[in-house]
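What follows is each chain in one-letter form.
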Amino acid sequence: MCDPNQSAFQQVVSESNLYIEGEIKVADKIRYHVSDKFAQATYDSCKNVRSGNTKAINLICDSLDCDLDNFYVSLGINKYTDLKVFYEIYSPDSEKGQMYSEMNISPLEGVRIHRCNDTVDGEACNCDDCPASCEKDDDDDNNNDNNDKQRNYDKYTLPAAGIAGLLLTVGLLFMAHISSEREGTSTDLVLTNLSAKSSAPLAESDNLYNKMYPTKYSDKANKDGGDAEEVPIKVVPESPPVNRIQLFIRTVFKCWANLVYEQPLLVLAGFGVFVMGCSVGLIFFRITYDPVELWTTPTSQSRINKEYFESTFGTPYRVAQLIFSEKVPGTSFDENGKTYSSILREENMKQVYHVQKQLLETVSARSQMNKTIKLSDVCHKPLGSHDLKEPVNNCIILSPFQWRFSEYSGAFFEDQTTPDLPTYLDLFERCGQLDLSPDCFGSYRGPIMTDTVFGGYDSNSDSNLEYLTNSRAIILTFVISGEAVHRDQVLAWEKEFGIFMKEIKMDNLTVSYNCDRALEDELDRASHADIMTIVISYILMFVYVSTTLGRLAYSPAACFIQSKVSIGLVGVTLVLISVNCALGITSYFQLPATLIVIEVVPFLVLAVGVDNVYILVQSLQKKLEERKEHKKEPDFLKDLLRDVLEDVGPSMLMSSTCQTVAFSLGALSTMPAVQNFAWNAALAVFIDFLFQISAFVVILTIDTKRELASRSDISCYKLRDADMRNRKGPVRYFIQNIWAETLFTESYLGKIVRALLVSFFLVCTLMSGVLITHTGIGLDESMALPSDSHVKSYFDDIFEYLNLGPEVHFVFRSPNKGVTLNVFDEKIHDQLLGSTNSMYNLMKSYSNDKREKYLTGTVGSWLSQFEDNWIISPTCCRHAHNDSLVFCPSRDIDSVCTECDKRTRGEDEDFSQIYKHLTWYLEDVPETNADMCIYGGKAQYGTAVKFAQSNLGVTAAYFTLSHPRLSGSNDFIASRRNSLKLADHINKLNKDIEVFPYSSAYHFYEQYDTIVTETAVNLSICILAVMIVSFCMLGFQFYPSLVILISITMVIVDMMGVMVMVGIPLNAISLVNLIMSVGIAVEFSAHIVKSYVSSPFTCPRRKAKFALVTTGPSVFSGITLTKFVGIVVLAFAKSKLFEMFYFRMFLSVIVLGVTHSLIFLPAFLSIDFMGFVNNGFYL
């Protein structure tokens, strides 16, 4: 400091003699007088500036608690200079100020002190170093505006949906009124019964249907449902013409039925050959468990970055981690006038220390070669084997007992006879605040950050001792090698690690633990634990199908004859064979199977296939009952089979084709797991349909012959004198005689009820549409674990206690492929390190800015460490005396070494020398002795640089930051996006480098960037495909195709609303289930709509009632009850993933499907929308 009035505030206290070409006097003690305002302003300007985990002023103070007084004392008297400065701080108006004023001494004041948020040389202190800089920016304002808009949106959308529902109700009531007037005044719009009532009761609709499509057996009335005499039918002249496409399809099924009946052996032989051909593909069958293959595409940027990083810098390491916490939180304790957290009590620390000691020394495994494997054999050693006497010292072990000074803390626990040993609390206090100091480096010669070994405290607190006063956990981390050559040994040691940890019993502490193998083993155990649950689910569905396909008879003998256990067995077996064939076909194309395929596809195909089985069998039973008096005629069974396929075949074809096309289009997804499911589901559904109209029909024909011969099911024993009269089953009775009659009552109240039901369903869909905006995304890894897994408690403790999350490396390279970077070129160097907007400074700014909450820590930059410390240190950069090309490390005390030529990068014309020094720096082992080189880069940065072959450039390198604690998938998603934001910012301002972020889990979370769009696109394509296919197969009839579209869309929207209500996030698994839901929704709606189209009536109400009573029982029995029986078992699955994504979603789609099928669709179809149904039926 130089001032014209310097003598007024500076006094020389003492002098000494210095001999430099003669004797001169120099001041060795001086006194500075400064005003209290000046002193406080100076202190305030820099008091919050941080260096690593501590404040920068703590590096100046001898006392770690650096208040204003200690700051000025340490600033004046320190080890870096012999000159001692004594600061006198007082107010000029004080008594002390008046006293010095009489001595013509006045304190320094009036000099402008820059506040930390003042812009100096174009830049102010960042937010983390200066709270005054943390003002809201435009982005924050925009975010707040968006949040306000979201809150307003949420505030008004639900009332808006309610108003829309009210308007819908009014409109539907009006349409229902108009429809009722049209129905009551226009008798030409219905088929009338000329001999009796004005309108036939719909309980007699089966008889009317037979007369609408006459056969040679329809000249007699049905004794159960029709009149006692033949009734002529009047067909309305204005009824729709015969649809040529439907007629063609019916004709094809009629011809097919004849072929199946006449050539059953040929059909079965073709079936067998097809199955065998597909099964051969299972030779190539493989199941993939690799999450990278399942959830990332080879073209995804994060996966490309992952592969590039691993091929350039090496395979990521593995981790074994322990988190110790108190069973019952105790009270803090005081020692030496300071307060400490209860977990730091001596008895607790002894237990933690001895667990660590056992892991280092005694836990071992045996290799396949019968070699003893200890931690030192499998750990990650960044320095190689520099310590041969104690190999474990080469390992990266992050523990408070591994701080370099803490070699004494171990001695403190084992030897309390030496009085001079510092306590573990003293050492924790010092190294916890100076964790970046080489004095506190771990045995691997690298830093151990305070946040990595203490947990559960507020790391953003202003207190320097927060980790000592409020820590609730102690964390030990052992870094394990990820190299493939060590994999067998690593797995063996990790297995023993798990066994050892299970046996740990502690008095006051609990410990949660995990390692990579433990996680893999627990996930494997979860998948195997739920196999029995799935098997029981399928067995129950099979039992239900087998026992309910038959009819209820009055006599036990008739029950045995009409039993369909064998048919149920065949139907379920064909489902499994179709899945087998689908897997075989995909295996031919080297498409790996996944657990999702194995768990979901059989469920889906059972839902679709069993429904078709019910429709086939019950249609045959109905026609058999109607024509039982003709059963002895020669072609009776052939004609019966032909009529059954002619009636129900088109409906089965339409639903199966819709599902196949929808699932095939689902393969457009970019996620491999979704693609695998889509292809297997599409193939399995269509193959099952082919089997049902071929092999199943053959078996059904044989079974019908058995029944006509009065032989019992399975045993084929001949039973005589059986009472073959049948009773309606409870499902059929309820739907036909109670629900249909209630829903379609002809009173005006019935019309209002139907309109209200439709309005209710539409309003629910609107409400669900509102809820969809709140759909969460992500998948927490803990969901896949068994409920009793120790890893689950470990994840809970991570979210509870950890303050520091995973590392994130910002990799830089040339934007031009194949071009190396000269990091010492002035232009490139400025973009990496030198300029305000350089990569290093932007990373530092983001990590220090409290608004950027997903990046934290000190920037790990090998380039800045090399230039600011190593290259300028006389103890670091040295070469052999006689050979400037041979590096001479400081620990080599026996060699004669010469200090490096300190030419800067600007003076090194060909850059060869500085690159040579850089390679030495990255090979140099840091020392802990202050007289030696403490700045060696091998421990921290040994793998951070990939040199070009010429060693005169860099192919790629990285700087490092950390994420804070990440609590669940939402935080992982947000942290990745935040890193991408920083990388984009760097790339935007620095055109000569290309930067991308890499962290070990990023590739799993890239899918969530597009999951919403992908879900919307996939579902939209699937649903539209269903409408187009149904439109074509229904003979270009627009209205019924539109109804199918509306019904499926409502089911899917409601399904997504349910997901929000029950807490199911959107991810690849739920997307698979949503696509599956489209298929099941098709099955629920297509058969009802097809029956509606095929109805012999033209009045919408009668058509809807006909569809309900003829198809409703099969839909309810075939899908709803079958799946409900199987789904209930899934509620008892051991993993949360099964319970959430399978039980909840499967149950939801079944409930939504059946309610829309049996309530909404009949009510909706009964309304004649202003004559559109009959007048605009065709395009």
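The coordinates are above.
Colleague: Explain the overall build of the chain to me, please; I cannot follow it from the model alone.
Modeller: When helices and strands are tallied, the chain shows 41 helices and 26 strands. The buried share of the chain, reckoned over its 1179 residues, is 53%. Looking at the chain alone, contacts between residues at least 24 apart form 75% of all its contacts between residues at least 6 apart. Accessible surface computed for the chain: about 52700 Å², of which carbon and sulfur atoms make up 56%.

Colleague: What am I meant to see in the environment of Phe9 here?
Modeller: Tracing the chain through its elements places Phe9 in helix H1 (residues 6-9). Placed 23 residues apart in sequence, Phe9 and Tyr32 show a C-alpha to C-alpha distance of 5.8 Å.

Colleague: For this particular structure, what's the right way to read the pattern of salt bridges?
Modeller: Opposite charge on two side chains allows them to pair when their charged atoms are near. Counted according to the given criterion, the structure contains 22 salt bridges. Arg250 is the salt-bridge partner of Glu646, the closest N and O atoms lying 3.5 Å from each other. Of this pair, Glu646 sits in helix H23 (residues 636-666) while Arg250 sits in helix H7 (residues 244-262), and the two are 396 residues apart along the sequence. On the basis of relative accessibility, which here comes to 13%, the residue Glu646 falls in the buried class. Between Lys350 and Glu346 there is a salt bridge; the shortest N-O distance is 3.5 Å. Here Glu346 and Lys350 lie together in helix H11 (residues 346-361), a separation of four residues that amounts to about one turn.

Colleague: Whenever I open this one, the pairing of strand S22 (residues 883-887) confuses me. Can you help?
Modeller: Looking down a regular strand, the side chains alternate between one sheet face and the other. With two bridges joining them, strand S21 (residues 878-880) and S22 adopt antiparallel strand pairing. Looking at the pairing, His879 lines up with Phe887 of S22. The turn linking S21 back onto S22 is made up of two residues.

Colleague: Is there a simple way to think about the pairing of strand S19 (residues 804-813) in this case?
Modeller: Burial of S19 is extensive: seven of the 10 residues sit out of reach of the surface. In terms of strand pairing, S19 meets strand S25 (residues 954-964) through eight bridges, oriented antiparallel. Paired with Val808 across the strands is Leu961, a residue of S25. Pairing of S19 with strand S26 (residues 994-998) involves five bridges; the strand directions are antiparallel. Note on S26: the bridge partner recorded for Arg813 is Glu994.

Colleague: What am I meant to see in a nonpolar patch on the surface here?
Modeller: Taken together, Ile531, Met532, Val535, Ile536, Ile539, Leu540 and Val543 make up a surface patch of nonpolar side chains, about 560 Å² in accessible area. Counting through the fold element by element, Val535 comes out in helix H19 (residues 531-548). Residue Val535 is classed as partly exposed on the basis of its relative accessible area of 36%.

Colleague: Looking at this model, I keep getting lost on the state of the cysteines. Mind explaining?
Modeller: Here, disulfide denotes a covalent bond that connects the sulfur atoms of two cysteines. On inspection of all chains with the given rule, the structure shows five disulfides. What pairs with Cys876 in a disulfide is Cys933, and their sulfur atoms sit 2.0 Å apart. A torsion of 95° about the S-S bond marks the disulfide between Cys876 and Cys933 as right-handed. Taken together, the residues span a long stretch of sequence, with Cys876 in the loop between helix H31 (862-870) and S21 and Cys933 in the loop between helix H32 (912-923) and helix H33 (938-941) at a distance of 57 residues. There is no split in this pair, since Cys876 and Cys933 are both buried.

Colleague: Whenever I open this one, the packing of helix H38 (residues 1068-1093) against helix H40 (residues 1136-1165) confuses me. Can you help?
Modeller: Direction vectors running N to C along H38 and H40 enclose 25°, while the axes themselves pass 10 Å from each other. Here H38 lies roughly parallel to H40, going by the angle between them. Like other packed secondary-structure pairs, H38 and H40 cross with a definite hand, here right-handed. Residues Ile1069, Ser1070, Asn1073, Leu1074, Met1076, Ser1077, Ile1080, Phe1084, Ser1085, Ile1088, Val1089 and Tyr1092 of H38 lie in contact with H40, whose contacting residues are Leu1137, Phe1141, Tyr1142, Met1145, Phe1146, Val1149, Ile1150, Gly1153, Val1154, Ser1157, Leu1161 and Leu1165.

Colleague: Before we go on, may I ask you to explain the packing of aromatic side chains in this structure?
Modeller: Aromatic ring pairs are reported here in terms of the distance separating the ring centres and the angle at which the planes meet. Under the definition given, this model contains 45 aromatic pairs. A centroid spacing of 5.8 Å and a plane angle of 15° characterise the contact between Tyr32 and Tyr87, whose relative ring orientation is stacked. In this pair, Tyr32 is assigned in strand S2 (residues 23-35) and Tyr87 in strand S5 (residues 84-90), connecting sequence segments 55 residues apart. Geometrically, the ring pair formed by Tyr794 and Phe795 is tilted, given 5.8 Å between the ring centres and 55° between the ring planes. The buried category is assigned to Tyr794, whose relative accessible area is 6%. On the basis of relative accessible area, Phe795 is assigned to the buried category, the value being 9%. A network of ring pairs unites the aromatic residues Tyr353, Phe401, Trp403, Tyr424, Phe428, Phe454, Tyr457 and Tyr467 as a single cluster.

Colleague: For this particular structure, what's the right way to read the sheet that holds strand S23 (residues 897-899)?
Modeller: Note: strands within a sheet are paired through backbone hydrogen bonds, in either parallel or antiparallel orientation. Strand order across the open sheet formed by three strands is S22-S21-S23, with antiparallel pairing between neighbours. The sheet is open, and its two edges are formed by S22 and S23, each paired on a single side. Neighbour to neighbour, the strand axes of the sheet diverge by 55° on average, direction disregarded. Pairing geometry for S21 and S23, over three bridges, is antiparallel. When the bridges of S23 are listed, Arg878 appears paired with Glu899. Strands S21 and S22 of the sheet are contacted by H32, whose axis makes an angle of about 25° with S22.

Colleague: What exactly am I supposed to notice about the nonpolar core here?
Modeller: Proteins that are soluble and globular tend to have nonpolar side chains buried together. Leu604, Phe677, Ile1048, Met1076, Val1078 and Tyr1142 are the most contacted members of the largest nonpolar core, which has 155 residues in total. The dominant element in this core, judged by the number of residues it contributes, is H40, at 18 residues.

Colleague: How should I be thinking about the environment of Ala1025 in this particular structure?
Modeller: If you trace the backbone, Ala1025 turns up in helix H36 (residues 1007-1033). Through-space distance from the C-alpha of Ala1025 to that of Thr657 is 10.0 Å; in sequence the pair is 368 residues apart. Those residues in contact with Ala1025 that lie beyond four places of it in its chain are Val661 and Leu665.

Colleague: Is there a simple way to think about helix H26 (residues 730-743) in this case?
Modeller: Since there are 3.6 residues in each turn of an α-helix, residues three or four apart along the chain are aligned in direction. Of all the positions in H26, only Val731, Ile735, Gln736, Ala740 and Leu743 are classed as buried. Packed against the buried residues of H26 are helix H27 (748-772), helix H39 (1100-1130) and H40.

Colleague: What should I look at first to understand the packing of H23 against H36 in this one?
Modeller: The axes of two packed helices give the description: the angle between them and the distance between them. Where H23 meets H36, the axes come as close as 8 Å, and the angle between the chain directions of the two elements is 150°. As far as their axial angle goes, H36 and H23 are roughly antiparallel. Of the two possible hands of crossing, H23 and H36 adopt the one that is right-handed. Here Leu653, Met654, Thr657, Cys658, Val661, Ala662, Leu665 and Gly666 of H23 come into contact with H36, specifically with Asn1018, Ile1021, Cys1022, Ala1025, Val1026, Val1029, Ser1030 and Met1033. In terms of residue class, the contact of H23 with H36 is made up of 12 nonpolar, four polar and no charged.

Colleague: Sorry if this is basic, but what is going on with the side chain of Ser619 here?
Modeller: Within the secondary structure, Ser619 sits in helix H22 (residues 595-626). Setting aside residues no more than four positions away along its own chain, Ser619 makes contact with Tyr614, Val644 and Val648.

Colleague: Please explain the side chain of Glu494 as it appears in this structure.
Modeller: Looking at the element boundaries, Glu494 is found in helix H17 (residues 487-502). When its relative accessible area of 1% is taken as the criterion, Glu494 is described as buried. Not counting the four nearest positions on each side in its chain, Glu494 is found in contact with Arg318, Ile480, Cys515, Asp516 and Arg517.

Colleague: Got a minute to help me understand unusual backbone geometry in this structure?
Modeller: For residues other than glycine, phi is negative in most cases, and the peptide bonds are mostly trans. Of note in this structure, Arg445 is not a glycine but carries a positive phi near 70°. By secondary structure assignment, the location of Arg445 is in the loop between helix H14 (424-433) and helix H15 (450-453). We classify Arg445 as buried; its relative accessible area is 14%.

Parameters at a glance
- Residues numbered from 1 in each chain as written.
- Predicted model: local features only at pLDDT ≥ 70, side-chain atom pairs only at ≥ 80, totals over all residues.
- Heavy atoms only, no water.
- Helix = DSSP H or I, 4+ residues; strand = E, 2+ residues; numbered from the N terminus.
- Buried < 20%, exposed > 50% of the residue type's maximum accessible area, 1.4 Å probe, protein only.
- Contact = heavy atoms within 4.5 Å.
- Areas by Shrake-Rupley, 256 points an atom, 1.4 Å probe, with all protein chains shown as cover.
- Salt bridge = Lys/Arg side-chain N within 4 Å of Asp/Glu carboxyl O.
- Pairing = 2+ DSSP bridges.
- Patch = residues over 30% accessible without salt bridge, like charges linked within 9 Å, V, L, I, M, F, W, Y side chains within 5 Å.
- Disulfide = S-S within 2.5 Å.
- Axes fitted to C-alpha atoms, helices over the stretch in contact; angles between N-to-C directions.
- Parallel < 35°, antiparallel > 145°, perpendicular 65-115°, else oblique.
- Left-handed = near helix turned anticlockwise from the far one by under 90°.
- Phe/Tyr/Trp six-rings, centres within 6.5 Å; stacked < 30°, edge-to-face > 60°.
- Core = buried A, V, L, I, M, F, W, Y, C linked by side-chain atoms within 4.5 Å.
- Nonpolar A, V, L, I, M, F, W, Y, C, P; charged D, E, K, R; others polar.

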